[in-house]
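Breakdown of the fold
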Amino acid sequence: MKKILHLKPMIEKLFDGAISFVGHDDFSVVLKDTAVCITDYSSIAFEFNLIKTPVIFLQFDYDNYKFERGHFLKSPYEFNGSVVRTIDELEDLFSDKSIDFKIKHRARKDFLKVIRDYENFNKTNKFLDKVIANKQQHIVYCCYNIYGVGGTVQTVINQTNYLVSVGYQVSIISMRRTSDTPKLQLDPSVRIEYLNDARSNGKFRTKLDNHLAQYSSKIFKKSEDLYNGLSLLTDFKLVSILKTIKNAIIIGTFPGLCVNIIKHAHKSNKVIVQEHREFSSHSKEIQITLLRNYPKAYKVLTLTSFQKEEYNAQGISKVTPIPNGLEDKFPLISQSGRDTQKKRIVSFGRLIELKQFNLLIESFAKIAKKFPDWILDIFGDGDEKENLINQIATLGLTSQVTIHPPTSLVYEEIYNSAFCALTSAKEAFGMVYIESFSMSKPVVSYDIGYGPKDFLVNEYNALVSPCFDTQHFAMNMERLMADENLLSQLGENSRKTYLEKYEISKVMDKLLKECE
């Protein structure tokens, strides 16, 4: 290896200073003489791709970098080169006796990929021509907390990311801000406006904002699920910001917010209600206000046909079922060169009673000794975390069951598993089911109502257990753990289900049509 470029200080120590940094005056010398380029996220990699020089990306801080500065690519596996996440992985790569063949073969593939995608910048020119010829439509999503995690947050992010990718101007109004950056992968092109900075108990708010935040909301109903996180501060700021928006499509994502958008938004806007729950699940107080206001919306969108039927039965007519959609990341991740772990089960969600992770742990405990080389990884955070950790310890499962913080690499974690196990007591839709399907992974689930019933087909793309039978759930997990043929067949069928109904472009085409 002649030269290694763009290394972090920690790697410099690894090589005892035997590194040459050149090219300050004439970078063409570097391009000509370099055998391998090692970088983190730099677009200089494209220069090396074009001359078939192997590139290795060391991305040990992927999540933090993405949220602080943003990436021009959407996944670690979309970078044109070999990707490693740790120094150990980098050492393993260099220790491989066939490294020369592997990285040069990859370099040739990356060269063809760049030439096809970027030659003459045709794609960029076509996109810019389209933007210039057609004034961007402004679409505004309003949600409770874009900085949090959960199905609604992931849905908003999936939709906004897609919309900016096809040329729309997209903003998000978040009622609350609870962290420095969103925990999930939001495109940096999406603009965020937050109304209440709830970080550090109001440390970043003005004195007036802190004063208003002490008082309860006056424009939201007290029976609203999210009422405790709302205040007089969010009331004033919501009404104020809505008055500034004109000639846009405004999409609300929870009942009280939708109602207030209908009441206070400028008449030039199209107000779209994105209803994530069935009508019967709302309190009587909420139901009354929905009946008064939802008919005034431009359109009401539900997630499932079951929900549409409920709203239609209440006399709300302009209702269209549009499910949540996902970008297809399977082709990219499956070509990453990493082997999927066949003996790993994953689960995702807020660690709250509704998600019933205690039942998942209990079910796994029934078969853990029979499958000592299998592991269960749970990703999430919430009030039940301590209880779940204690349950794992009590059942002697600390070597097989681990609770991890929420992750932005949900697709990668699912791909790197055998299947997904979900024990929620109730789901209006269930994004993680579709995320699993998109990665060609089946789901073990309980036979809960509404959302999952639209897409879970027992023995076709999932194994479904009676609610909430832990013995039967354990049996279904065991079937997939013991039968690779069944696992493979259900995985293929789950992928078909996703492609036919839930691929993001198909879903968003329907949504945009409803906004016309």
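Conventions we followed
- Residues numbered from 1 in each chain as written.
- Predicted model: local features only at pLDDT ≥ 70, side-chain atom pairs only at ≥ 80, totals over all residues.
- Heavy atoms only, no water.
- Helix = DSSP H or I, 4+ residues; strand = E, 2+ residues; numbered from the N terminus.
- Buried < 20%, exposed > 50% of the residue type's maximum accessible area, 1.4 Å probe, protein only.
- Contact = heavy atoms within 4.5 Å.
- Phe/Tyr/Trp six-rings, centres within 6.5 Å; stacked < 30°, edge-to-face > 60°.
- Lys NZ or Arg CZ within 6 Å of the ring centre and 35° of its normal.
- pLDDT = per-residue confidence, 0-100.
- Axes fitted to C-alpha atoms, helices over the stretch in contact; angles between N-to-C directions.
- Parallel < 35°, antiparallel > 145°, perpendicular 65-115°, else oblique.
- Nonpolar A, V, L, I, M, F, W, Y, C, P; charged D, E, K, R; others polar.
- Polar contact = N/O pair within 3.5 Å; in protein donor to acceptor, adjacent residues only side chain to side chain.
- Salt bridge = Lys/Arg side-chain N within 4 Å of Asp/Glu carboxyl O.
- Pairing = 2+ DSSP bridges.
- Core = buried A, V, L, I, M, F, W, Y, C linked by side-chain atoms within 4.5 Å.
- Right-handed = clockwise from strand over helix to strand, strands pointing away.

1. Observations concerning the overall build of the protein
If you tally the helices and strands in the protein, you get 21 helices and 16 strands. Expressed as a percentage of its 516 residues, the buried residues of the protein come to 52%. Taking the contacts inside the protein whose residues are at least 6 apart along the sequence as the reference set, 66% of them involve residues at least 24 apart.

2. Description of the packing of aromatic side chains
Inspection of every chain in the model, using the stated rule, returns 14 aromatic pairs. On the numbers, 6.2 Å between centres and 85° between planes, the contact of F437 with F455 is edge-to-face. Here the residue F437 occupies a position in helix α18 (residues 431-438), and F455 occupies one in the loop between β15 (443-446) and β16 (462-465), the gap between them amounting to 18 residues. The class for F455 is buried, based on a relative accessible area of 2%. One cation-aromatic arrangement involves R199 over F204; the distance from NZ or CZ to the ring centre is 4.2 Å.

3. Some points on the confidence of the model for the protein
Residues at a pLDDT of 70 or more form 87% of the protein, whose mean pLDDT is 87. By mean pLDDT, helix α1 (residues 9-14) is the weakest element of the protein at 59, and helix α15 (residues 357-365) is the strongest at 98. Predicted confidence for residues 1-8 stays below pLDDT 50, and this span has 28 contacts to residues more than four positions away or in other chains.

4. A word on the packing of helix α19 (residues 470-482) against helix α20 (residues 484-501)
At a minimum axis distance of 5 Å, the contact between α19 and α20 shows a crossing angle of 100°. Taken together, α19 and α20 sit at an angle that is classed as roughly perpendicular. Where α19 approaches α20, its residues R479, L480 and A482 are matched on the opposing element by E484, L486, L487 and L490. Of the residues that constitute the contact of α19 with α20, the class distribution is five nonpolar, no polar and two charged.

5. Let's talk about the side chain of D187
Locating D187 in the fold gives a position in the loop between β5 (169-177) and β6 (191-197). Of the polar contacts made by the side chain of D187, one reaches the backbone nitrogen of S189; its length is 2.7 Å. Sequence-distant contacts of D187, that is, excluding residues within four places in its chain, are made with N161 and V164.

6. Here we look at the pattern of salt bridges
Summed over the entire model, instances satisfying the criterion amount to 18 salt bridges. Note that R495 is salt-bridged to D328, the shortest N-O span being 2.8 Å. Pair noted here: R495 is in helix α20 and D328 is in the loop between β10 (319-321) and α14 (330-334), with a separation of 167 residues, a long-range link. R495 sits in the buried class, given a relative accessible area of 13%. The partly exposed category is assigned to D328, whose relative accessible area is 24%.

7. What about the sheet that holds strand β2 (residues 55-58)?
The three strands lie next to each other as β1-β2-β3, forming an open sheet whose pairing is parallel. Taken across any chain shown, the strands that pair with only one partner, and hence form the sheet edges, are β1 (37-39) and β3 (82-84). Taken over all neighbouring pairs, the strand axes of this sheet differ in orientation by 20° on average, direction set aside. As paired elements, β2 and β3 share three bridges and run parallel to each other.

8. Some remarks on the nonpolar core
Ranked by internal contacts, the top residues of the largest apolar core, which has 60 residues, are I345, F364, I378, F419, M477 and M481. When residues no more than four places from it in sequence are discounted, the contact partners of I378 are S347, L351, F357, L360, I361, V401, T402, I403 and H404. Counting 32 residues, the second largest nonpolar core, distinct from the first, contains I245, I250, L290 and Y294.

9. Topic: helix α12 (residues 284-293)
Taken residue by residue, α12 has I286, Q287, T289, L290 and N293 as its buried positions. In the core, the buried residues of α12 are packed alongside α11 (255-264), β8 (270-275) and α13 (305-313).

10. Here's the deal with the pairing of β2
It is a general feature of regular strands that their side chains alternate between the two faces of the sheet. A two-sided burial pattern is seen for β2, the buried positions comprising V55 and F57 on one face and I56 and L58 on the other. Pairing between β1 and β2: three bridges, direction parallel. Bridge assignment links I38 to a residue of β2, and that residue is I56. Handedness of the β-α-β unit built from β1, helix α3 (residues 45-50) and β2 comes out right-handed.

11. A few points about the sheet that holds β6
Spatially, seven strands are ordered β6-β5-β4-β7-β8-β9-β10 in an open sheet, and the strand pairing comes out parallel. Here the strands that pair on one side only, and so sit at the sheet edges, are β6 and β10. Adjacent strand axes in the sheet meet at a mean angle of 20°, parallel and antiparallel pairs treated alike. With four bridges connecting them, β8 and strand β9 (residues 299-302) associate as parallel partners. Across the sheet, the residue bridging to I272 is K299, located in β9.

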